[in-house]
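# Summary of the model geometry
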Amino acid sequence: MTVGYKQEKDVIRLRMRRATYKADDGRIYVLITNNLKISASQVARIYKYRWMIELLFKQIKQNFPLRYFWGDSQNAIKTQIYCVLIAQLLMWSY
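Presented here is a report on the structure given in the accompanying data block. (Residues numbered from 1 in each chain as written. Predicted model: local features only at pLDDT ≥ 70, side-chain atom pairs only at ≥ 80, totals over all residues. Heavy atoms only, no water.)

### Structural notes on a nonpolar patch on the surface
This is how the line gets drawn: Each patch is built from residues that are more than 30% exposed by relative accessible area and take part in no salt bridge. Like charges join if they lie within 9 Å; nonpolar side chains (Val, Leu, Ile, Met, Phe, Trp, Tyr) join within 5 Å. Per-residue and other accessible areas follow the Shrake-Rupley method at a 1.4 Å probe size, with only the shown protein chains counted as cover for residues. The working definition used for a salt bridge is a side-chain nitrogen of Lys or Arg within 4 Å of a carboxyl oxygen of Asp or Glu. Runs of E in the DSSP output that reach at least two residues are strands. Runs of H or I that reach at least four are helices, and both are numbered from the N terminus.
Taken together, I12, L14, M16, I28, V30 and I32 make up a surface patch of nonpolar side chains, about 650 Å² in accessible area. Tracing the sequence through the fold places I28 in strand β2 (residues 28-33).

### Observations concerning the nonpolar core
Quick reminder of the rule: Nonpolar cores were defined as sets of buried Ala, Val, Leu, Ile, Met, Phe, Trp, Tyr and Cys residues, with membership established by side-chain atoms within 4.5 Å. Categorising residues by exposure relies on relative accessible area from a 1.4 Å probe, with only protein chains included: less than 20% of the type maximum marks a residue as buried, more than 50% marks it as exposed, and the intermediate range marks it as partly exposed. Contacts between residues were defined by any pair of non-hydrogen atoms, one from each residue, lying within 4.5 Å.
If you look at the biggest cluster of nonpolar residues, it comprises five residues: A19, L31, I38, V43 and A44. Contact partners of A19, with chain neighbours within four places excluded, come to Y29, V30, L31, A40 and V43.

### Here's the deal with the environment of V30
Within the secondary structure, V30 is located in strand β2. Along the sequence, V30 and T20 sit ten residues apart, while their C-alpha atoms lie 4.5 Å from each other. In this view, V30 contacts R18, A19 and T20; residues no more than four positions away in its chain are not counted.

### Observations regarding the side chain of R17
Quick note on the threshold: Under the counting rule used here, the positive set is Lys and Arg, the negative set is Asp and Glu, and His together with the chain ends is not counted. In protein, a polar contact means a hydrogen-donor-capable atom and an acceptor-capable atom, both N or O and within 3.5 Å, with residues adjacent in sequence counting only if both atoms are side-chain atoms; elsewhere, any N or O pair within 3.5 Å suffices.
Relative to the helices and strands, R17 resides in strand β1 (residues 17-22). No salt bridge is formed by the buried R17. Its closest oppositely charged neighbour is D24, at 17 Å. Here the side chain of R17 touches N35 through a polar contact of 3.2 Å, landing on its backbone oxygen. A polar contact is formed between the side chain of R17 and the backbone oxygen of I38, at a distance of 2.6 Å. Discounting residues that sit within four places of it in the chain, R17 has contacts with L31, I32, T33, N35, L36, K37, I38, S39, A40 and V43.

Quick look at the structure:
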């Protein structure tokens, strides 16, 4: 025996904002945000900083792969990760 039923769809409404930003090099960026209180330049700055963090982690994964850890404790793993971050930042400074 099969029982059929009609399921109501839940409708979720989101308030989104489209922010357009023109960079110094002339490129135009279109960004979507749900923060309606800050300016378009602040939205662009947040996206730029987030992208810089993404690139940092991408470089760390490529240049310093953590194939094995020097120790088993939480402190040893944190120390190894901090060493990788410091080495990456030193490489950026040159």
